Every structure is written in structure tokens, then in C-alpha cells.
Amino acid sequence: MGRYILKRIGYMCITFYVVITLTFLSMKMLPGTPFQNPKLTPTQINQLKHYYGLDQPIAVQYVKYMWNLLHGDMGGSFQFGNESVTALLMNKFPVSLDLGLEAIILGAVIGLLLGIIAGLHHGKAMDWSTMIFAAIGTSIPSFIFAGVLQYFLGVYVRAFPVAGWNGPSYHFLPVVSLAVGVVAEIALFMRTEMVEVINQDYIVTAQAKGLSRFTVVYKHAIRNALIPVVTILGPLTAAIITGSLVIENIFGIPGIGSQYVSSIVTNDYPMIMGTTELYAGLFILSIFVVDILYGVIDPRIRVSGGQA
Amino acid sequence: MAVANQDITKEMFLPAEIDRTENERVSGEVVSVWKDAVRRFVQNKGALLSIFIVLLIVLLAVSVPYSHNYDPTHQDLNRSNLPPRVSALSWVPFLNGQEDGIDVYQQRGIKKDFWFGTDQLGRDLWSRTWEGTRISLIIAVIAALVDVLIGVTYGGISGYFGGLTDNILQRIMEIISGIPNLVWIILLILVMKPGLIPITIAITATSWISMSRIVRGSMMKLKNQEFVLASKSLGAGNARIVFKHLIPNSLGMIIVNTMFSIPAAIFFEAFLSFIGLGIRDPQASLGSLINSGYEVLQLHPYQTVYPGLLICLLLIAFNLIGNGLRDAFDPKLRH
Amino acid sequence: MSKLLEIKNLSVHFNLIGRHVQAVRGVDLDLNEGETLAIVGESGSGKSVTSKAIMGLIPNPPGEIVKGSSILFEGKDLVSYTEKQLEKVRGKEISMIFQDPMTALNPTMKIGKQIMEGLIKHQGMSKHDARNRAIELLKLVGIPKPEVRVDEYPHQFSGGMRQRVVIAIALACNPKVLIADEPTTALDVTIQAQILDLMRDLQKKTKTAIILITHDLGVVANMAQRVAVMYGGKVVETGMIDEIFYNPKHPYTWGLLSSMPKLHATTDKLLAIPGSPPDLANPPKGCPFAARCPYAMKVCTDHMPEYTELSSTQKAACWLLDERAPKVDPPETIGVGGTKNG
């Protein structure tokens, strides 16, 4: 297990390094410049370039960037008067994390419940309705749900605030919009696992021991069905990040998602790089955690030394 | 079960002539994998309906932008933000050209009908919506085809040759897939500037990975099976084995995966429009239409409704077709 | 010997999509205390469904025990039991071991815990006591170092060892009846013998009655006192082991005996029974074996024969036993006995 974890950490570092380098290089290849203000004279632009170190050879800039990054310095934002990117991200990240976690937790709880119920009622009305919901939920993008919810519950019924992030009531619409996809994805996966597990011989063994239906389902079926569900947490994190970009924008939430979109529009290179690296880091970390977690909760992998 | 003894006559104890071939006959006709798959697919009502819906949408997307009287890019501020009106159906609440109880058409003295209304610049949304659908579909289909091309080649080489080649290709892929596709797509578009081709390239940049994984897996499984070994021992070359045996046998999975990459591409195109990296005005895509509709969602919700509805229909229909195909090709997976 | 279990007119049907399968059609069986009854027959003959019905483990839907069936355990009808009542019987009074030890154990639960579950449920033991009992049981079924292995997971055990664990689970609460559904089919031949020996030893110690379901007559000869031969969802012949092996009356039993490989065979050919079992979605009106029976008469296809009592312990359902039928000698190939009729 130890060796396996080390190997995974190695991969994680390489992937992260590649992301940083790619981000850096693509920023250097960008056709537009952040100094497009027509009032700026060429001398002023050159002064700005010198100030940000953009007149030096790319290799030098690269080494400098990496060195600073190692010290947690991602440079200054162009659009916010050279304010530290690190500080900006640190400032806005908790909001996005809050939104993402709430959506994942809500989605996982409802999704697992639906999946379990559907799986236990395989082939019946409850199963079919869950399947139909899941087909719709996984197909329709979160920004459509967001629009529908915002219009009906926010504008029309006025049950919830339309935009902002100032208290619990503000969380409802964006969290639900983001969670619908998660619910559908997890419900579908859990249902398939449940149906498969329920038909396993060891479920009959458990029944033959005289255990109650509840114990059989709870201790034998659900536990075994739950293990593979862990594997979709990685892709789900990616989906949540993607979704949060638009959801934060639609609901005017001051997180890194809406920040990212505005830095793309304003060519704020350091901010784009910082956010990209943060997202990549999150994703890589989530894949790593899922891998390790899977090894920890599945005894078959745990003991045989993690041949995942 | 009890038979009255008198019903049983002595003659009945003579040996019976029983046709034993009857017992050995295999019941049911023998069908090929493909015929079988088609038969199963046709039984799937949802998937059939989805095919019908997709065909209808494609037909409209191809024909409307050319046949309609309005140019999708023609602006006329006098007719900006008109709600939908279909004179023949004016008794339907949302097709009567009224907004907040006021007949906007009458107010502005406009005689023509705009079935889906108009946008802020007075462009006809009926033709823009279908034009947008066309662009979204083009992007999705090209992306799916490129997926097949790259994914099958990469996965095929990796799976067929195995060993060192496989090891190197897999390590590269592991790193590529370790980066969230969002990051790839955004970086690529930033470098290339938004447009139909860059968006397609960006979407394909990561989506081929799942295809290559599937193809590699099936190559590895198939290449050691007896019929392939038999072909090899008869002197068939690599190309022949790959194209005659391996690809035809993985075709089902390739088709299924292609079907799923179409809705994924439609989604990402729309997503990019949302973060300002999509198709630029005056061109339209479903994503860009929804995005500009959102700016006036509270005042003129109809501007979002039609493209929103279309994108939902397309995504659900393609996913259902994909599910139907998967079940048809691999009945084991059907639950 | 008193009757522990009495199955009367048991019918089990499955309502599948477009097919109504009559898997078991009016089976009568009984089991005495401490004895071993073997149920033999090929796949699809209804033997496994019968055993699941005794445990109350027929999934409903699609399965259904048809009205008029009864399964009397110590005089009480299990068919009328509610799920809650059945839970008190399963694992405690009647337990079961399964064919494939590789899949019969929960892969993510320690085997100790899997043994303890029943003990805690039925005997109200504390966790500590149950654990000690689990270790005792593992020792009883011949697992070395039980105090270590009790905390291991199924994948750390070999097939034979897993089957021992499955037996330990089944015997945990000293059941009166043990149903063994092809307990050795999935195991290596050498392991098979060990498991059978173990079951025989344990039966001597615990006095448990065993219903042994198998298609292997070798296993039957080793283990059972009585045999019931099933075909097409019906019991076609029952009798004491000697009666079935040395004086079988039903042509299907002859076929089974002939197809058994023998050490001192005069021919090196294995004799198969030609044809395949009847489709129970569409069961034949008469004797289910008629279509494959080399001695079939006209009466066989349309009329189901009644049982003919051949001794106090042996009976068979075959028209050949009717007085009007021609006299037929069993084929030489049944091997072990084959004495003449009467």
C-alpha cells in the first residue's frame, strides 16, 4: 500500500507540473495583451511590460514563475490593480468550496437514497420513475436548471433571492441547480450497483442465516454497492467545477468561478493561470483521494497491496 | 393428475413412436449479432422516439436558415424584443404576441409574425434558433468523428501492440486525463480565439480519451481470443487482423461511445458560450442564444425558452439513443 | 424415527415475462430426524427450487408457491409463515449451504462477523461470546489457526476453505435440517472428498438431518440413506439408497445410473441420456420423461402415471409398473445391481 501511494503521489506531481507548464506556455502564446487600453502610449506599455517582467525571455519568465509559485506567489492580478492572485483566490475560494460541497453532499444523499430505493424495487414504478428522472437529470445541463429555477422560484414566485450570496436562503437555488446532475448521476450508478449486488449469492446466504430484510439490505447489499460509487467522485468533482463556473455567474456568487470567467474576458493572465492551477490541483487531488479511499474501503484491494 | 383407471385402455401400452429429432431441435432462428442488436434497439420505444426527434430537429436546422424569409443576422431595432406570435395560433397564451397583456406587435405596427419572437437587436429568433442548432450540431458531429479517428487509432495501437508501446502511450494518457477537461478546453480556446473550428478542436482535445480507453480494452481482450490466434497462425498480417477482426468486433462499443460524445460536445459548446468563449455574434449557436437570452431572462423569458428547450431535447434524445444502442449491443448491461 | 419435515404437493411457479414456468409440480417428500436424503436430477429438474422453497427463499415476484402446497416442519406449515416467522426458522432450525463458495460469502465482511451474525440474531449472544463461538466453529470445520483467520476476509481463503466457512455459518445455531445445494460441485475432486467427510463427521456429532441436492450419484452413494429422483419438476422415484442403486424401477433412474462413470466398466463409453429436459413453461401432459424414454408407450405422453408402492420405502411413477404394461428389464449398463424385476 505504501509503495502504491508513493507512486500515485509521483504521478500527481508530474501531472500538476505539466498543467502548470501548459498554462504558462499557453498564456505566453495568447494573441491579445492585457494592455489594450488605447490611451496607453508605447512607452507606457513598455514600462508596464517591464514592470510585470514580460519583456524578459520566456525561459527566464518561466523559471521565475515556477520559483515564485513554489513560494505561494502567483503574481499580481492585472484587473485588480496588481492585487496578489493568491490572496484573491484565498479570499474567494471558500465561497466556491461552500457551494460545491453543499451541492455534492445534497446530491450524494438524495442520489444514494433514490438509487437504493430504485435498486430494491427493480423493474417497478419507483425504479422507472428514478430512471426517467436520471436520464433527464444527467442530460440537461445545470445552467438550464438554474435558469428555470431562477425564473420560477426567484422571479415568478419570489420564494428565494434571485442572486447574491448573503445567507442560507441565497444558497438554495444555486446549490439545487448544481446538485440535480449529481443526484441523477449517483442515483443511476447506485441503482445499477444495487441491482447487481442484490442478485449475488452472498445476499441469499445472508437471507438463509435468518437475518431480517433490513439487515440484509443495510449490512450486506448497501455496503457492497457503495464501494464502487466512490469511483465516480473524481469525475463528479470535475463536473461540479465546470458547473460552478456558470452557476456562480448566473446567480452572481462571488466565488472563483465567476472570477475565472471575468478574468478570461479581461485577459487577466495571472488570474487565469492561478485559477486554472487551482482547479487542476483540486481535480488531481480528488482523483488521488478517490484512489486511496477505494483501496481503504475495499478489503480485497487493501490486503492485496493496492493493485488497483 | 389422477387419471381414472378405466380411461386407460390396454392398447395404450403399446410402444409409442416418438420423434426424437423434435426434442433435439434448437428452437428460435439463429440471428447475427447485428440483426439481434437492431431487433433489440427497435423494441426500445424511447430510443426510437429520440431518433425521430433528432431527425426532425436536423431537418429543421438544415432547412429553416435557408428557406425562411428572414436573414438570421438581419438587425432592425424597430422590431427588437418582440414576443413570439403565430397568427394562426393566437389563442395560445404564449403565441399571441402579447407581453404583460400588451400586444407589442400592434403597439409598434408590425404586421409580420415572428414565431419565436426577436432578440434585442430585432433579429428573428426562429431563424436564429435553427441556425444556432445547425452550428451546435456541426460542432458536435465533427467532434464525435474526430473522437472516433483519434480514439480508435490511439487505443487500437496501444491495445494491439501492448508492451512498451502501450506502456508509453498509457502514461501519456494518464497525464492528459489527469488534467480536468475544462482546463484543456479553456486554455486551447484562449490560444486559438473562439470560433467554430477552435471550439471543435478544444472539445476533441480530451473527449477522445474515453474512446481510446474503450478501444484499447476491447483490443486487449480480443487479440488473445482463439479466432484471432487462428487468423495469425494462418499468416494474416497486423493490418488484416486489426481491420478484419478486431475493429468489427469492437464496432458496437465504438458506435455507442460516439453516440455519447455528441451530447457531451453539444453541452461543452453551450458551456463555452456561457463563459464568453463560445461562438461570437453575429453567428449563433444554441449556447450563445441561451447566454444572450439570460441577460434579459427576467423581462423576456421567451428568448431563452426556445433554444433552452431545443438543447434539452437534443441532449436527452442523444443520450437515450446512446442508452438504447448500449443495451442493444450488450444485453448483459441491461437492467 | 419421526418425520421432521414433510413436503406435500409442493408446486412452485415463476411468472417471467411472457413465460409461466412451472418449476416444481406437486412434489411430495419427507425427511426423518438425523437422516440424509439426497435429491438427484439434472439441472432444471426443480431440485434447487424445492430447497429454496423450504427455506422460504423463493423470490416473489416472479416466483410463487402455488396454493395447496404445504411444507410441514415439526408439524407447522412453513408456507403459511410470515416473513418475520420465517426469519426465526432460517439459520436456526433449517439452514443451507450453497454450491459456489467463491460467491456465497460477502467479500467485504470479515468471515468471523459473517458467522457471528446468525448467533447474535438467533441465540441472543453478546458480540464477545459470538466471536468465541465463531472461532470454535471454524476449528470444528477444520480451519487451522481459527483465532487469526476469524478476522480475515473471504478472498484470503481458498475454495475448499471457504466452503468450510459456509458450513460453519450454516451449522452455527445447531439447525435441525441442513440443506446442502450441490456443496461440492464447484470444488476440486480432492477437496470434494474432504468436504463430504467433514459433513459426515459433523452430522454424526450434531445429529442434523441433511437434504443433499446433487446430480452426482457418487456423492449420493457416499452420503445418503434415502434418495429422491427428480425430473421435470416432479419426483419420479424415491427409495432407500440400496433400492435406488440395486433395484431401480424408473427408466430415468436407469438412465442416471447408466450415465455414471464406473471403475470396472465393460465399455469405455459414457452413456448419455439422449435429448434434453422438457420446457417447464410448457410442461408435457403426461410423464415428463416420455419424450426421452426408450420404453415410452402411447399412454405415457398423455397421462401422468401414479406412484406405485414397491416397498414401504420405495415408490416410482412409471406406466411400466402398471400390470398391463409389457415387462421390461433394466439395462445392464446401470452397473451396480440390475437384478430382475420382482
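Not measured: the values here are computed from a predicted model. (Residues numbered from 1 in each chain as written. Chains lettered and ligands numbered in written order. Predicted model: local features only at pLDDT ≥ 70, side-chain atom pairs only at ≥ 80, totals over all residues. Heavy atoms only, no water.)

### What to know about the packing of helix 6 (residues 163-178) of chain B against helix 8 (residues 196-223) of chain B
All names here are of chain B.
Moving on, step 1. It is the contact of helix 6 with helix 8, at a shortest axis distance of 11 Å, that shows an interaxial angle of 150 degrees. Of the two possible hands of crossing, helix 6 and helix 8 adopt the one that is left-handed. Seen from helix 6, the contacting residues are Asp166, Gln170, Met173, Ile176 and Ser177; seen from helix 8, they are Trp208, Ile209, Ser212, Arg213 and Arg216.
Moving on, step 2. Of the residues belonging to the contact of helix 6 with helix 8, the class tally is four nonpolar, three polar and three charged. (Axes fitted to C-alpha atoms, helices over the stretch in contact; angles between N-to-C directions. Helix = DSSP H or I, 4+ residues; strand = E, 2+ residues; numbered from the N terminus. Left-handed = near helix turned anticlockwise from the far one by under 90°. Contact = heavy atoms within 4.5 Å. Nonpolar A, V, L, I, M, F, W, Y, C, P; charged D, E, K, R; others polar.)

### Some thoughts on empty space enclosed by the protein
Moving on, step 1. Summed over the entire model, instances satisfying the criterion amount to six cavities of 30 Å³ or more.
Moving on, step 2. Considering only enclosed or pocket space, the largest cavity measures out at about 100 Å³ in volume.
Moving on, step 3. In this structure, the largest cavity is lined by 15 residues; those nearest its centre are A:Ala208, A:Lys209, C:Ser95, C:Ile169 and C:Ala170.
Moving on, step 4. Of the residues assigned to the lining of the largest cavity, the class counts are nine nonpolar, five polar and one charged.
Moving on, step 5. One number sums up the size of the second largest cavity: a volume of about 70 Å³.
Moving on, step 6. Looking at side-chain class alone, the lining of the second largest cavity contains 13 nonpolar, one polar and no charged residues. (1 Å grid on protein atoms, 1.4 Å probe; cavity = no way out; pocket = protein on both sides within 12 Å on 5 of 7 lines; lining within 4 Å. Points joined across faces, edges and corners; volume = space filled by probe spheres on them.)

### Side note on the pairing of strand 10 (residues 226-231) of chain C
Two faces make up the sheet, and in a regular strand the side chains alternate between them.
All names here are of chain C.
Moving on, step 1. The element strand 10 is largely enclosed, with a buried count of six among its six residues.
Moving on, step 2. Of the two faces of strand 10, both are covered, the one formed by Arg226, Ala228 and Met230 as well as the one formed by Val227, Val229 and Tyr231.
Moving on, step 3. Here strand 3 (residues 36-40) pairs with strand 10 via four bridges, running parallel. Opposite Ile39, over in strand 10, you have Ala228 as the bridge partner.
Moving on, step 4. Alignment of strand 10 against strand 11 (residues 234-240), held across six bridges, turns out to be antiparallel. (Buried < 20%, exposed > 50% of the residue type's maximum accessible area, 1.4 Å probe, protein only. Pairing = 2+ DSSP bridges.)

### Observations concerning the interface of chain A and chain B
Note: interface size is frequently given as the accessible area lost on complex formation between the parts.
Moving on, step 1. Each side of the interface is counted separately: chain A has 45 residues, and chain B has 35 residues.
Moving on, step 2. Summed over both partners, the interface of chain A with chain B comes to about 3,500 Å²; 79% of that surface belongs to carbon and sulfur atoms.
Moving on, step 3. The interface formed by chain A and chain B includes zero salt bridges.
Moving on, step 4. Inspection of the chain A/chain B interface yields four residue pairs in polar contact (both at pLDDT 80 or more).
Moving on, step 5. Of all elements in the fold, only helix 1 (2-29), helix 5 (125-139), helix 6 (142-156), helix 7 (168-198), helix 10 (233-250), helix 11 (256-265) and helix 12 (269-297) of chain A reach the threshold of two or more residues within the side of chain A that touches chain B. (Buried area = accessible area lost by both parts, 1.4 Å probe. Salt bridge = Lys/Arg side-chain N within 4 Å of Asp/Glu carboxyl O. Polar contact = N/O pair within 3.5 Å; in protein donor to acceptor, adjacent residues only side chain to side chain.)

### Quick notes on the UniProt feature "domain: ABC transporter" (unreviewed entry) in chain C
Moving on, step 1. In the numbering used here, UniProt assigns the "domain: ABC transporter" (unreviewed entry) feature to residues 7-257 of chain C.
Moving on, step 2. Between the first and last C-alpha atoms of residues 7-257 of chain C the distance is 26 Å; the span itself is 39% helix and 26% strand. (UniProt positions renumbered as here; feature names shortened; annotations may be inferred.)

### A word on the domain arrangement of chain C
Residue and element names in this part refer to chain C.
Moving on, step 1. Domain annotation of chain C identifies domain 1 (32-54 + 82-224) and domain 2 (234-334).
Moving on, step 2. Centre-to-centre, using C-alpha coordinates, domain 1 lies 32 Å away from domain 2.
Moving on, step 3. A buried area of about 750 Å², summed over both sides, lies between domain 1 and domain 2, and 65% of it is on carbon and sulfur atoms.
Moving on, step 4. The tally of links between domain 1 and domain 2 comes to one salt bridge.
Moving on, step 5. Taking the shortest distance from any N to any O, the salt bridge between Arg292 and Glu42 comes out at 3.2 Å.
Moving on, step 6. Where domain 1 touches domain 2, the interface holds two residue pairs in polar contact (both at pLDDT 80 or more).
Moving on, step 7. Top element by residues in the side of domain 1 that touches domain 2 is helix 8 (residues 217-223). It accounts for four residues. (Domains from an automatic or database assignment.)

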